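# Descriptive analysis of the structure
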Amino acid sequence: MSCKSNRALLTGASALVLMLAACEAPEEADNVPPPAANSNDEAEAAANGEDGPLLARFDWFHYEGGDPAHEAFPAGEGEFQNPVLGGFYPDPNILQVGEDYYLTTSTFAYFPGLPVFHSRDLVNWTQIGNALDRTDMVDFGNLGLSRGIFAPAMAYHEDTFYMLNTCVDCGDNFIISATDPAGPWSAPVWLPDLAGGIDPSLFIDEDGRAYMLNNGPPDREPEYDGHRAVWIQEFDLENLTTFGERIVLVDGGVDFSTQPIWIEGPHIYKVDGLYYLICAEGGTAEGHSQVVLRSENPMGPYEAWDGNPILTQRDLPRDRPFPITSAGHASFVTTPSGEWWGTFLAVRPYGDDLYNTGRETFLMPVSWEEGWPRMTGDGDLIPYAYRRPDLPPQEPADPPMVGAFEVHEDFSSTLPPHWMMLRLPQESWHDLDSEPGSLVLTARNVALGENANPSYLGRRQQHMYASASMRMRFEPQSPGDRAGLVALQSDEYWYFIGLARDGDGDVIRVERRAGPDQDVHGEILASTPFEGEAGAPLDLRVTARAGEYDFHYALEEGQWQPLLEDADGSLLSTRIAGGFVGVTMGPYAYSGGE
């Protein structure tokens, strides 16, 4: 990773990454909480039970996964596998700049947010930064995990990258800009004319005139639940402000008589002098779809194609093998040879609309029929394996994002940009330099279930069948102290396996929170006395098998012992837990008693 990439990752997230000594930190990092005072002296004091922060040390983290669909539909010569971004990467938006392609997704109330990916073959994506990487850019407060950052959209004009976004319940719509997509990105400029709307996007015409689109309330009282509209207004690129009349382009959806819901995610593309408006319609569940309209003028009026929807899986049999559902929220790019491709979100359920991995990013070609774009027709299945785009293939990304793979992290340098925390840090509680080769978390009196910023770092569960394991060294000091490995869907729904102090001494136990009515620490499902030396390494593992999760520990390397097996993993599904995110897995530490 270059110093330039490290600089982009550091701005505002010293809570997440440390600058390599050879790199110079940008000015934007001034507002970041200072590094935690986890000096070696304090670490030794804490380990000896003296005054000082209670610390948990993690020597490595290992993730691996592979799904039956990957085996059933292997990628042959010249093919790729879907999804191209597995796990919780929803609402993808793709941008083309010359031979380079960039992609970003929603992150809601996780931080850092708005990951920026780069590719030259549309298949292998490397995360180069996070656009939302400073704590003063937005304020999540104590929002639910599925509020915050919704559906970003990117644009490019005259050496400047733009990103549009909505901070739901935390400021509304804004635009940020950068000369390098890896960052740093500017402070948000808020867009008051879009108040009450979501999903802003920017279309810049060949003459340089710019137009702001967004989903918003209709121009009258809504006539039914989910009645929304797509609006357009001109945009001043120099002053980053909207101006002029706001006009409704789509009222409700492409056929108002059917009471269509949640017309959103609008994007305009100009093709052969015509303006094509594509939107998601039907809500981001099994009824999701993509529709298209076109006009001779960017401000409309637009006519809908009678061949809509251009992408959906909603009419297919629910009992089909390896279903992909809920497809929509697409955006398009082209290749030098003239091919059209689109990215979109979809999900891979393992049961009756049960999926823990969240909404993922898929890739498909776009064909043209009598002047209209199409991705799927009647009865078409979204493919797990398909021919690659007509682009020079890249080496697989590091870490890989496609198909079956494994990733081992030894915390020897910087923390990779895919690690996230819940909401914004108010203090620094982890570091990589006080004990080189270990990730050190400060155990704080902030619990997983408090809708706050606990000492938890997560990376996405990217497969139905996956495991996360890690090595921990932790010495509880008081009843209620705990540290370990978490699989988390939200503040209300998670599993924990780790080492804890209770009235009878130190124990290894599994805890679960299965709803907002339970205690913020959840309930104990299984427990066994800890028989190792104080502060000795303890290996922990969580294994996901679609709707079942297993929890193991090892006092000696490779000597795994079951603590709980066949636990109900459906509690971590979007259908039961609600919201728009997916499971993340990672280390957690807590101190403060019960």
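The following refers to the structure shown. (Residues numbered from 1 in each chain as written. Predicted model: local features only at pLDDT ≥ 70, side-chain atom pairs only at ≥ 80, totals over all residues. Heavy atoms only, no water.)

### Focus: the sheet that holds strand E3 (residues 93-97)
Just so we agree on the cut-off: Pairing between two strands is assigned when DSSP locates at least 2 bridges connecting them. Helix numbers and strand numbers start at the N terminus; a helix is a DSSP run of H or I with at least 4 residues, a strand a run of E with at least 2. Only the contacting stretch of a helix is used when fitting its axis, a line to C-alpha atoms as for every element, and angles between N-to-C directions run 0 to 180 degrees.
If you walk across this open sheet you meet the 4 strands as E3-E4-E6-E7, and the pairing is antiparallel. Strands at the two margins of the open sheet, each flanked by one partner only, are E3 and strand E7 (126-132). Going across the sheet, the axis of each strand differs from the next one's by a mean of 25°, ignoring polarity. Relative to E7, strand E6 (residues 113-119) runs antiparallel, the two being bridged by 5 bridges. The residue of E7 that forms the bridge with Phe117 is Gln127.

### Remarks on the packing of aromatic side chains
Two aromatic rings, taken as a pair, are described by how far apart their centres are and by the angle between their planes. Keep this limit in mind: When two rings of Phe, Tyr or Trp (its six-membered ring) have centres within 6.5 Å they constitute a pair, described as stacked for plane angles under 30 degrees, edge-to-face for angles over 60, and tilted for the intermediate range. Relative accessibility decides the category of a residue: with a 1.4 Å probe and only protein chains considered, values under 20% of the type maximum give buried, values over 50% give exposed, and everything between is partly exposed.
If you walk through the whole model with that rule in mind, you get 29 aromatic pairs. A centroid spacing of 6.0 Å and a plane angle of 85° characterise the contact between Tyr276 and Trp372, whose relative ring orientation is edge-to-face. Of the two residues, Tyr276 sits in strand E17 (residues 274-281) while Trp372 sits in strand E24 (residues 372-374), which places them 96 residues apart along the sequence. For Trp372, a relative accessible area of 6% gives the class buried. For the ring pair Trp305 and Trp372, a centre distance of 5.6 Å and an interplane angle of 5° mean the geometry is stacked. Of this pair, Trp305 sits in the loop between strand E19 (303-304) and strand E20 (311-312) while Trp372 sits in strand E24, and the two are 67 residues apart along the sequence. Accessibility classification places Trp305 together with Trp372 in one group, the buried group.

### What to know about empty space enclosed by the protein
Over the atoms rolls a probe the size of a water molecule, and its path tells where empty space is left. What counts, and what does not: Grid points spaced at 1 Å and placed over the protein atoms alone form the basis of the search, with a cavity being a set where a 1.4 Å probe fits but cannot get out and a pocket an open set showing protein on both sides within 12 Å along at least five of seven lines. Lining residues have an atom within 4 Å of a point. Grid points are joined across faces, edges and corners, and a volume is the space filled by probe spheres set on the points.
Within this structure, the stated rule accounts for 6 cavities of 30 Å³ or more. Where the lining of the second largest cavity is concerned, the elements lending two or more residues are strand E8 (148-157), strand E12 (198-204) and strand E16 (264-271).

### Examining unusual backbone geometry
Cis rather than trans, the peptide bond between Phe111 and Pro112 has omega equal to -5°. For Pro112, the location among the structural elements is in the loop between strand E5 (110-111) and E6. Of the consecutive residues Gly183 and Pro184, the connecting peptide bond is found in the cis state with omega at 5°. Structurally, the position occupied by Pro184 is in the loop between strand E10 (172-178) and strand E11 (189-190). One non-glycine residue, Gln259, lies in positive phi territory at about 55°. Using a relative accessible area of 46% as the deciding quantity, one classes Gln259 as partly exposed. Of note in this structure, Ser326 is not a glycine but carries a positive phi near 60°. In this structure, Ser326 sits in strand E21 (residues 325-334). By relative accessible area, which is 1% here, Ser326 ends up buried.

### Things to note about the state of the cysteines
Threshold: What counts as a disulfide here is a pair of cysteine sulfur atoms lying within 2.5 Å.
Here the structure, examined in full by the defined rule, presents 1 disulfide. Disulfide partner of Cys167: Cys170, at an S-S distance of 1.9 Å. On the sign convention where negative means left-handed, the S-S torsion of about -100° between Cys167 and Cys170 marks this disulfide as left-handed. Of the residues examined, Cys167 reaches a relative accessible area of 0% and is grouped as buried.

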